[in-house]
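# Overview (structure and organization)
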Amino acid sequence: LLRRLESVVAWPRLPEAEARYLARLLVRLLCKDPHGLPAEEACAWLETLVAKLPGGAVLLEDEDLPALRGALFSLSGAPGFAGRSAATLYAALFRPPEAEEAP
């Protein structure tokens, strides 16, 4: 079903409860088998949520983040779109805050 929808259009139209539920399902798909086709599609949807929609990351559950971090790290080494998507999502979620420059 997700293949027929555009994530950038679908995410903002979902009520918050349904968006949280979908995000959790996508994280679980990604973590179950990071190199499988369902994980690649889940990663693309999560990338849209986190990297392209303001405030999207708040829909992810804190308890899911450690497993998600591992799955994204694993997938980020894959060639092609899946690896780029995972690397972008990883950076958006886990990049340390940049240190402010001293005057």
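Note on numbering: residues in each chain are counted from 1, in written sequence order. Reporting of local features is limited, given that this is a predicted model, to residues whose pLDDT is at least 70; pairs of side-chain atoms are given and counted only at 80 or more, and all residues count toward the totals for whole chains, interfaces and linings. Only hydrogens and water are removed before side-chain values are computed, so all heavy atoms of the structure are retained for them.

Let us look at the overall build of the chain. Along the backbone of the chain there are five helices and zero strands. Helical segments are the DSSP runs of H or I of at least four residues, strand segments are the runs of E of at least two, and each set is numbered from the N terminus. Listed N to C, the secondary structure of the chain is α-α-α-α-α in terms of helices and strands. If one aligns the C-alpha atoms of the chain with their principal axes, the spans along those axes are about 50 × 30 × 25 Å. A simple rule labels every residue: compare its accessible area, found with a 1.4 Å probe on the protein chains alone, to the largest value its type can have, and call it buried under 20%, exposed over 50%, or partly exposed in between. Residue burial in the chain is summarised as follows: out of 103 residues, 36% are buried. The long-range share in the chain, meaning contacts at least 24 apart out of those at least 6 apart in sequence, stands at 61%. Under the counting rule used here, the positive set is Lys and Arg, the negative set is Asp and Glu, and His together with the chain ends is not counted. Lysine's charge is taken at NZ, arginine's at CZ, aspartate's at CG and glutamate's at CD. Put simply, the chain has 11 plus and 14 minus side-chain charges, and the middle of one group is 7 Å from the middle of the other. Every residue pair with non-hydrogen atoms within 4.5 Å of one another is taken to be in contact.

Let's shift gears to helix α4 (residues 65–76). Expected span of a helix: the number of residues minus one, times 1.5 Å. In this model, α4 (twelve residues) spans 16 Å end to end at C-alpha, consistent with the 16 Å of a helix rising 1.5 Å per residue. Those residues of α4 lying buried are L68, A71, L72 and L75. Each buried residue of α4 sits inside an arc of 100° when the element is viewed along its axis, so together they form one side. Structural note: α4 exposes P66 and F73 on the side pointing more than 90 degrees away from its buried face. Buried residues along α4 sit against α2 (16–32), α3 (37–52) and α5 (80–94). The arc in question is the one traced by the directions running from the helix axis out to the C-beta atoms.

An axis is simply a line fitted to the C-alpha atoms; with a helix, the fit covers only the stretch in contact. Between two such axes, the angle follows the N-to-C directions and lies from 0 to 180 degrees. Look at α2 against α4: their axes get within 9 Å of each other, and the N-to-C directions meet at 55°. In terms of axis orientation, α2 runs oblique to α4. The handedness of the crossing between α2 and α4 is left-handed. Here V27, L30 and C31 of α2 lie close against α4, whose contacting residues are A67, L68, A71, L72 and L75. Residues are grouped as follows: Ala, Val, Leu, Ile, Met, Phe, Trp, Tyr, Cys and Pro are nonpolar; Asp, Glu, Lys and Arg are charged; all remaining types, including Gly, are polar. Among the residues making up the contact of α2 with α4, the classes are represented as eight nonpolar, no polar and no charged. By the definition adopted for this analysis, an angle is roughly parallel if under 35 degrees, roughly antiparallel if over 145, roughly perpendicular if from 65 to 115, and oblique otherwise. Crossing handedness follows the turn of the near helix against the far one: under a right angle anticlockwise gives a left-handed crossing, and clockwise gives a right-handed one.

With 16 residues, α3 should cover 22 Å at 1.5 Å per step; its first-to-last C-alpha distance of 22 Å lies within 8% of that length. When α3 is considered as a whole, its buried residues turn out to be A39, A42, C43, A44, W45, L46, E47, T48, L49 and V50. Where the residues of α3 are buried, they touch α1 (7–13), α2, α4 and α5.

All quantities given are derived from atomic positions and should not be read as evidence of function.
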